[in-house]
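Structure assessment
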Amino acid sequence: MWGERKQKALEWWASDFKRTFPTCPICGSDLGYDVATKFATPHFKCRSCMTVWKLIVEGLGWKTQRRYLLVEPDKDLRASSLVKKGDRWHEGYKEEFWKSLDLGGMKMGAEPAAPPRPPLTDLEEEVLDYIDKHGGEISIPEAGEELGLMDDRLKAIIDKLREKGYIEKPTPSPALTDLEKEVLDYIDRHGGEISVPQASEELGLREARLKATIDKLKEKGYIE
Ligand SMILES: [Zn+2]
């Protein structure tokens, strides 16, 4: 039963990737892709040049954004400089980057064309740098202390950086109840999968209750 569902999921991912990239961004072939999942994360391999991308989904909840991280270069190594690279602190590049990639034209290592962004003040630059160094995250009290800034001042700068498009706006996620969190946690620990009878026993929950919680998580966009 799981095997069949998993097969279906893989086929879905393969056609989804093919829809996104009808021809391989690296070699231009339309042979299609093979999909495998590692820890519930789809990996796509071009059947022609063997390039492998890993899907990165950012953000939980309603608004997610996909990026594709190159984990294995093509067999001719034309894309080797792109392996494990991404925009700023992110892993992988967005769809548009891969679509506009032109390896034939030897744009190797070229930065993806980004729309021009308004210049930053020194202070904004400093805060952005701080966020960069902390893997894209910021804790206001901690950063405020380290940077010697009042919390309000720091918050205002972060808002400015968002406004100017240097950092992404937070995606509001519907709040979870403790039970929902527990179940989501369980699913995470089990590589994104859940067997209702087994989970119900391990979590000490009646199956009906568990199913209802899973439905809620789906409704809220936390799981598919
Ligand atoms: Zn290819």
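Let us look at the structure shown here. Counting restarts for each chain: residues are numbered from 1 in the order of the written sequence. In keeping with the predicted nature of the model, local features appear solely for residues at pLDDT of at least 70, side-chain atom pairs appear and are counted solely at 80 or more, and the whole-chain, interface and lining totals rest on all residues.

**So, the overall build of the protein**
Stated formally: Helical segments are the DSSP runs of H or I of at least four residues, strand segments are the runs of E of at least two, and each set is numbered from the N terminus. Throughout, a pair of residues is in contact if the C-beta atoms placed from their backbones lie within 7 Å.
Along its length, the protein carries 8 helices and 4 strands. For the protein, the α and β elements follow one another from N to C terminus as α-β-β-β-β-α-α-α-α-α-α-α. Pairs at least 24 residues apart make up 41% of the contacts formed inside the protein by residues separated by at least 6 positions.

**Comments concerning helix α6 (residues 178-189)**
Definition in use: To estimate how far a helix should reach, multiply one less than its number of residues by 1.5 Å.
An ideal rise of 1.5 Å per residue puts 16 Å on 12 residues; α6 measures up with 16 Å between its terminal C-alpha atoms. G191 sits one or two positions beyond α6 and adopts a positive phi of about 60°.

**So, the sheet that holds strand β4 (residues 65-72)**
Here is the rule: The rule for pairing is simple: two strands pair if DSSP sees at least two bridges between them. Structural elements are reduced to axes, namely lines fitted to C-alpha atoms, with helices fitted over the stretch in contact, and the angle between N-to-C directions of any two is expressed from 0 to 180 degrees.
In spatial order, the strands read β1-β2-β3-β4; together these 4 strands make up an open sheet with antiparallel pairing. Strand pairing shows two members of the sheet lacking a second neighbour, β1 (33-38) and β4, which therefore form its edges. For this sheet, the mean inter-axis angle between neighbouring strands, taken without regard to orientation, is 30°. In the sheet, β1 pairs with strand β2 (residues 41-46) via 6 bridges, with the strands oriented antiparallel. Counterpart to Y33 in the pairing with β2 is C46.

**Some remarks on the nonpolar core**
Worth spelling out the cut-off: When buried Ala, Val, Leu, Ile, Met, Phe, Trp, Tyr and Cys residues are joined through C-beta atoms within 7 Å, the set is termed a nonpolar core. Our exposure labels follow a C-beta count within 10 Å of each residue's own C-beta, placed from the backbone: buried means 20 or more other C-beta atoms, exposed means 12 or fewer, and partly exposed covers the counts in between.
If you look at the biggest cluster of nonpolar residues, it comprises 18 residues, and the most contacted ones within it are C24, I26 and C46. Sorting the residues of this core by element identifies β1, β2 and β4 as the ones contributing at least two each. Among the elements that make up this core, the one with the highest residue count is β4 (3 residues).

**Looking at the packing of α6 against helix α8 (residues 207-219)**
Selection rule: Reported orientations rely on four angle classes, namely roughly parallel under 35 degrees, roughly antiparallel over 145, roughly perpendicular from 65 to 115, and oblique for the rest. Ten residue types, Ala, Val, Leu, Ile, Met, Phe, Trp, Tyr, Cys and Pro, are classed as nonpolar, four, Asp, Glu, Lys and Arg, as charged, and the remainder, Gly among them, as polar.
Relative orientation of the contacting elements α6 and α8 amounts to 85°, with a least axis distance of 10 Å. In terms of orientation, α6 lies roughly perpendicular with respect to α8. Only L210, T213, I214, K216 and L217 of α8 make contact with α6, whose side of the interface consists of L179, E180, V183 and L184. Of the residues belonging to the contact of α6 with α8, the class tally is 6 nonpolar, 1 polar and 2 charged.

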